[in-house]
Structures are given as C-alpha cells and as structure tokens.
Amino acid sequence: MEEYTREQIQRADDTDLYVFLSGRGEQFKRCGKEYRWLRHDSVMINKNEWYRFSQNKGGHAIDFMKEFYGLSFAEAVKELLGEEGAGETNRRTAKEDAVQTEGLPHPLPGLELPERNESCEIARKYLIEQRKLSKQLVDQMIAKGDIYESKNYHNVVFVGRDKEQNPRYAAMRGTDENRYRGEARGSEKAYGFGHIGTDEKLFVFESPIDLLSYITAVPEDWEKHSYISPRAD
C-alpha cells in the first residue's frame, strides 16, 4: 500500500475538482460560483468541495474520488496528485482514516466529536425549514464538514477549527422539541464555530444559529468577512 505524507494528502484534498475533472472530459453547468456535474446532476462542485443533494452527503477531493470512481484512499491521493507516495512518515490508524473519509481532519486529542450520522436530513430540515436559514448556506457548511448530524440524538453539530483546519470545538443543538444545547467534551472556545474570510471585518455572535441567521439576512460578500460564535446557546 502506498504511504503518503500529510502534506501530500492535504495537497490532494485541496485539488480543484472542476479543473481536475474537466481535464478528464467531465462536463459541467455553471450555477453561480458552483458547477453542476452533468453526469450526476444532483452533485454540485465548488473548488475542492462537493455535495450530493440526492443523498445529503459531501466532502472534499479525496472523498469525491472514492465515492464516484471507487478508489481506495491511497489510490485517490495518487490519482489526484499524479505522484507516488513519499514513504512511511505519516502512518495513520484506521480511526484516523475513517475521519479522513468523512471530509474532516482528525480532531486533536481531548476533543470528543459526536459520532456522525450517515444522513444529515434531520439537521438540514431543522436549519432550513424551522430556523429559516439559507438553503445554499446550510448545504455549503454541510459540504465543508462544518455542520453535520450526530448519530445517537440527531443533534446539529457545529464544528470549530484551528488554522490547520483541525476540529477543536463543537457546539450541539437539538432538533427535537427539547432543543438541547451543549458542547462536545474537550471543546476549546477560542476555536468556536465560524468562517475565516479575507478582509479585516470580524463579526462575533452568541450562537451558531445567530451567526448563520445574520449571513442569511446579509449575504452580500459574506465569504470575504470573518464570523465566530464561541458559545453553544
């Protein structure tokens, strides 16, 4: 089995899928900033991210190659990079590989992320239909892995990351009538749920729902700005 370094894996996962797949002869239809894959018209692509609406699942470039081309993790990395592995410097456990296939970097020691449900439909329906959040915004956050649905209680999980994109925080919000609020054990509030933009504007909110509600109400150029919510309520 090929062994790839962390740097190689990151480069593979950062591959622009539209550019890469177009080079393989795949065809797309542009929809705003995203591209609809004509071979699977429920699949939308935005740079290295994809989301399959028919199955409520998504991820990044490596996951895409595994999902639609039937490749193993190592085969997907090799296909995306066009190069061989660089040795055994970054052996990972089976648990780490499982997290990678979900489109999330491995959480650092101390953070106990809730187990991910196979479907995100309950959480997605709650955010869009009950909280009236932008469908496009919610789907984009789900595709990035910043929002997902927990397996045991079907809570919405809002993931906060550090600059290396490692999960360091997770807020949870119940989707049933009890409306549970909480944080994953080991969460660090300095890395709350949010988005890092390119300009100097920073908006701070009391909760992830408030953050997403604001972007829904004021969507113009929102990706340029930074937003953070260091609390679960």
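About the criteria used
Residues numbered from 1 in each chain as written. Predicted model: local features only at pLDDT ≥ 70, side-chain atom pairs only at ≥ 80, totals over all residues. Heavy atoms only, no water. Core = buried A, V, L, I, M, F, W, Y, C linked by side-chain atoms within 4.5 Å. Buried < 20%, exposed > 50% of the residue type's maximum accessible area, 1.4 Å probe, protein only. Helix = DSSP H or I, 4+ residues; strand = E, 2+ residues; numbered from the N terminus. Contact = heavy atoms within 4.5 Å. Phe/Tyr/Trp six-rings, centres within 6.5 Å; stacked < 30°, edge-to-face > 60°. Lys NZ or Arg CZ within 6 Å of the ring centre and 35° of its normal. Arc of directions from axis to C-beta. Pairing = 2+ DSSP bridges.

So, the nonpolar core
Thinking step 1. By size, the foremost hydrophobic cluster in this structure holds 25 residues, and its most contacted members are Leu-127, Ile-147, Phe-158 and Leu-212.
Thinking step 2. Where this core is concerned, the elements lending two or more residues are helix 6 (121-130), helix 7 (135-144), strand 7 (156-161), strand 8 (167-173) and helix 8 (208-217).
Thinking step 3. Not counting the four nearest positions on each side in its chain, Phe-158 is found in contact with Leu-127, Asp-146, Ile-147, Tyr-169, Ala-170, Ala-171, Arg-173, Phe-193, Pro-208, Ile-209 and Leu-212.

Re the packing of aromatic side chains
Here the distance between the centres and the angle between the planes together describe a pair of aromatic rings.
Thinking step 1. According to the stated counting rule, one finds 16 aromatic pairs in the structure shown.
Thinking step 2. With a centroid separation of 5.9 Å and an interplanar angle of 80°, the aromatic rings of Trp-50 and Phe-64 are classed as edge-to-face. Linking Trp-50 in strand 4 (residues 49-52) with Phe-64 in helix 3 (residues 61-69), this pair joins segments that are 14 residues apart in sequence.
Thinking step 3. Centroid distance Phe-203 to Tyr-214: 5.3 Å. Interplanar angle 35°. Geometry classified as tilted. Within this pair, whereas Phe-203 is found in strand 11 (residues 202-204), its partner Tyr-214 is found in helix 8, the two being separated by eleven residues in sequence.
Thinking step 4. Accessibility expressed as a relative area gives 29% for Tyr-214, which makes it partly exposed.
Thinking step 5. What links up through ring pairs into an aromatic cluster is the set Trp-37, Trp-50, Phe-64, Phe-68 and Tyr-69.
Thinking step 6. Above the face of the Tyr-148 ring, Arg-116 is positioned so that its terminal group lies 4.6 Å from the ring centre.

Quick notes on helix 1 (residues 6-13)
Thinking step 1. Three or more residues of helix 1 are buried, namely Gln-8, Ile-9, Ala-12 and Asp-13. Here the buried residues of helix 1 occupy an arc of 130° about the axis, which is enough to place them on one side.

Here we look at the pairing of strand 7
Thinking step 1. Here strand 7 lies mainly inside the structure; six of its six residues are buried.
Thinking step 2. Of the two faces of strand 7, both are covered, the one formed by Val-156, Phe-158 and Gly-160 as well as the one formed by Val-157, Val-159 and Arg-161.
Thinking step 3. Of the pairings in the sheet, the one linking strand 6 (residues 147-149) to strand 7 comprises three bridges and is antiparallel in character. What sits directly across from Ile-147, in strand 7, is Phe-158.
Thinking step 4. The turn linking strand 6 back onto strand 7 is made up of six residues, and His-154 within it adopts a positive phi angle of 60°.
Thinking step 5. Note that strand 7 and strand 8 share six bridges and pair antiparallel. Across the sheet, Val-156 pairs through a bridge with Arg-173, a residue of strand 8.
Thinking step 6. A loop of five residues connects strand 7 with strand 8, the two strands running antiparallel in sequence, and Gln-165 in this loop sits at a positive phi of about 70°.

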